[in-house]
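Reading the structure
This is what each chain is made of:
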Amino acid sequence: MLPVGMMLLAAAAGRAAEYVADATPTAREEEVRWLLNRGRFDRAAENALRKTAFTDVPVRSGPLAPHESLSRATHRHSTDMAAKNVMQHETVVGSAYYNRATQPWCWDRAMAEGYPSGWVFENVAAGQTSAEMVYDWWWRSTGHRQNMYEPDLRELGTGHAYRAGTKYLNYWTMNIASADGAAFFTDTAFTDKNANGVYNQGEGVAGVVVTVRVDGKMLDDWDRSSEVGSFAVPLDSVRPGVVVRVGLRNDTNLPVTLSVPRSFAELQKLTLAAGQELEYGAFTVESAERNFGFRDLAAVPAQPPQPTLVLRVVSGDIELSWNTSVGWKYRVQRSENLDAWVDLTTAPMAGTGGTLRHVHSGAVAQSQGFYRLIVEPSS
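Here's what I pulled together on the structure shown here. Being a predicted model, the structure only gives us computed values, none of them experimental.

Rules of the game
- Residues numbered from 1 in each chain as written.
- Predicted model: local features only at pLDDT ≥ 70, side-chain atom pairs only at ≥ 80, totals over all residues.
- Heavy atoms only, no water.
- Helix = DSSP H or I, 4+ residues; strand = E, 2+ residues; numbered from the N terminus.
- Expected span 1.5 Å × (residues − 1).
- Contact = heavy atoms within 4.5 Å.
- Core = buried A, V, L, I, M, F, W, Y, C linked by side-chain atoms within 4.5 Å.
- Buried < 20%, exposed > 50% of the residue type's maximum accessible area, 1.4 Å probe, protein only.
- Pairing = 2+ DSSP bridges.
- 1 Å grid on protein atoms, 1.4 Å probe; cavity = no way out; pocket = protein on both sides within 12 Å on 5 of 7 lines; lining within 4 Å.
- Points joined across faces, edges and corners; volume = space filled by probe spheres on them.
- Nonpolar A, V, L, I, M, F, W, Y, C, P; charged D, E, K, R; others polar.
- Polar contact = N/O pair within 3.5 Å; in protein donor to acceptor, adjacent residues only side chain to side chain.
- Axes fitted to C-alpha atoms, helices over the stretch in contact; angles between N-to-C directions.
- Parallel < 35°, antiparallel > 145°, perpendicular 65-115°, else oblique.
- Left-handed = near helix turned anticlockwise from the far one by under 90°.
- Salt bridge = Lys/Arg side-chain N within 4 Å of Asp/Glu carboxyl O.

With respect to helix α3 (residues 68-84)
For α3, spanning 17 residues, the distance from its first C-alpha to its last is 24 Å, which sits close to the expected 24 Å at 1.5 Å a residue. The inward-facing, buried residues of α3 abut α4 (106-112), β4 (119-126), β5 (155-162) and β6 (170-178).

And the structure:
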């Protein structure tokens, strides 16, 4: 028998783990993240909504992922500000959590909570009673707006504290940061119960498992939406130009209905039965250091049918045959080293719904080699 090999490309199921560094914001803090992520998706639409005309932030940038260390640092700074009845960036005198002499600034506080060294920008505010009010106030302030919309930042922590009897009552801190080039698929799982087109407190949906796959293989991490709907899945190993497929699974015992953002203002209703899993959408990685969310998703590209390639030796030649599907075309390739591949078919062969064949004859066919099929859509 001739020394012939056939390569089977298959994806191994990895040992993925739940991502746990995103913590759980409060519902009020998740409102702020949702509003900011909507605005980062479309500057023009944000301007139109708020009747402004700012052009000093990017036209579009990726959503920000929640991070436990940033969340803890902002909670504690807001609590300190409320306790001392002040609004300031510098660590307050007599802080319950930080050494003002050695940890005076936001990056010091974030690193003290375990955040890796990196860029950390900070916004503070006081007096605003809602997520919408504080976000709008920051949006209309040049420095705060530019901090929130910095395109190279990818992680967020927002801390709110309330203290009766103080001058401002409500105290807010936001840290926007990035470290180690980490990128995420991140968003909020929620049901728009009041049909106002916006995420509000009490609308988060917990227990939705979010997975990302490349070439059929799940990446190393997945996440489950928190009680306020927040989630983040790291994309550390994904290269630019790669198509990433996003899956959703209802990990609860009851049906859930999601209001999934498709654009700046459009929400798509999606109902998942208990335990149901589906491939919801896909995106192409533009940059290894950009985050992606629901609004970036396109329809899932059609999956090519998986034909079985059969090899036979016929009168010293190699006959290859495989089952086909209409709407797809096929190319047969050969390699001697699994590195350089050569087309054996002069043009792609259209699927018929039946079996196609190709005969590889000549001296090359007598030597050790590997064969594979390239399957492509016809249009």
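A closer look at the nonpolar core
Residues Phe185, Leu248, Leu258 and Phe283 are the most contacted members of the largest nonpolar core, which totals 27 residues. When residues of this core are traced back to their parent elements, those giving at least two are β8 (208-214), β11 (230-234), β12 (243-250), β13 (256-261), β14 (267-272) and β15 (277-284). Residue contributions to this core peak at 4 residues, all from β8. Filtering out sequence-adjacent residues up to four positions away, Leu248 remains in contact with Val208, Val209, Val210, Leu258, Leu270, Leu272, Gln276, Glu277, Leu278, Tyr280 and Phe294. The next biggest cluster of nonpolar side chains, apart from the first, holds 24 residues, and it includes Leu64, Ala131, Tyr135 and Leu156.

Some details on the pairing of β6
Here β6 lies mainly inside the structure; 9 of its 9 residues are buried. Here β4 pairs with β6 via 8 bridges, running antiparallel. Within β6, the position partnered with Val124 by the bridge is Thr173.

Here we look at the environment of Ala164
Considering the arrangement of structural elements, one finds Ala164 in the loop between β5 and β6. Residue Ala164 is classed as exposed on the basis of its relative accessible area, which comes to 58%. As for Ala164 and Ala82, which are separated by 82 residues in sequence, their C-alpha atoms are 9.0 Å apart.

Let's talk about empty space enclosed by the protein
What the rule picks out here adds up to 2 cavities of 30 Å³ or more. For the largest cavity, the full set of lining residues is Asn37, Phe41, Ser61, Gly62, Pro63, Asp187, Gly293, Phe294, Arg295 and Asp296. Of the residues belonging to the lining of the largest cavity, the class tally is 3 nonpolar, 4 polar and 3 charged. Approximately 60 Å³ is the volume attributed to the second largest cavity.

Notes on the side chain of Thr91
Locating Thr91 in the fold gives a position in the loop between α3 and α4. Here the side chain of Thr91 touches Arg109 through a polar contact of 2.8 Å, side chain to side chain. Excluding residues that lie within four positions of it along the chain, Thr91 makes contacts with His77, Tyr98, Arg100, Gln103, Pro104, Trp105 and Arg109.

What to know about the environment of Thr79
Position of Thr79 relative to the elements: it lies in helix α3. Each C-alpha atom, one on Thr79 and one on Arg245, is 40 Å from the other, the two residues being 166 residues apart in sequence. Apart from residues lying up to four places away in sequence, Thr79 is in contact with Tyr97 and Ala161. Only 2.8 Å separates the side chain of Thr79 from the backbone oxygen of His75, close enough to count as a polar contact.

Description of the packing of helix α2 (residues 43-50) against helix α5 (residues 131-139)
Two numbers describe a pair of packed helices, the interaxial angle and the distance between the axes. Two elements in contact, α2 and α5, have axes separated by 12 Å at closest approach and are oriented at 110°. Looking at the two axes, α2 sits roughly perpendicular to α5. As α2 runs across α5, the sense of the crossing is left-handed. Along its contact with α2, which presents Glu46, Asn47 and Arg50, the element α5 presents Glu132, Tyr135, Asp136 and Trp139. Among the residues making up the contact of α2 with α5, the classes are represented as 2 nonpolar, 1 polar and 4 charged.

Here we look at the sheet that holds strand β3 (residues 65-66)
What the 4 strands build is an open sheet, ordered β3-β5-β6-β4; its pairing is mixed. In this open sheet, the two edge strands, each paired with only one partner strand, are β3 and β4. Here β5 runs beside β6; their pairing, made up of 8 bridges, is antiparallel. Each residue of the ladder has a partner; that of Gly157, found in β6, is Asn175.

Some points on the pattern of salt bridges
Overall, the coordinates contain 23 salt bridges when judged by the stated rule. A salt bridge links Arg290 to Glu286; the nearest nitrogen and oxygen atoms lie 3.7 Å apart. The partner of Arg331 in a salt bridge is Glu376, with the nearest N and O atoms 2.9 Å apart. With Arg331 in strand β18 (residues 328-335) and Glu376 in strand β22 (residues 370-377), the pair connects residues that are 45 residues apart, well separated along the chain.

Thoughts on the sheet that holds strand β17 (residues 317-323)
Spatial strand order, β16-β17-β21: 3 strands in an open sheet with antiparallel pairing. Looking at which strands have only one partner, the edges of the open sheet turn out to be β16 (310-314) and β21 (355-360). On average, each strand axis in the sheet is tilted by 25° relative to the strand beside it, whichever way the strands run.

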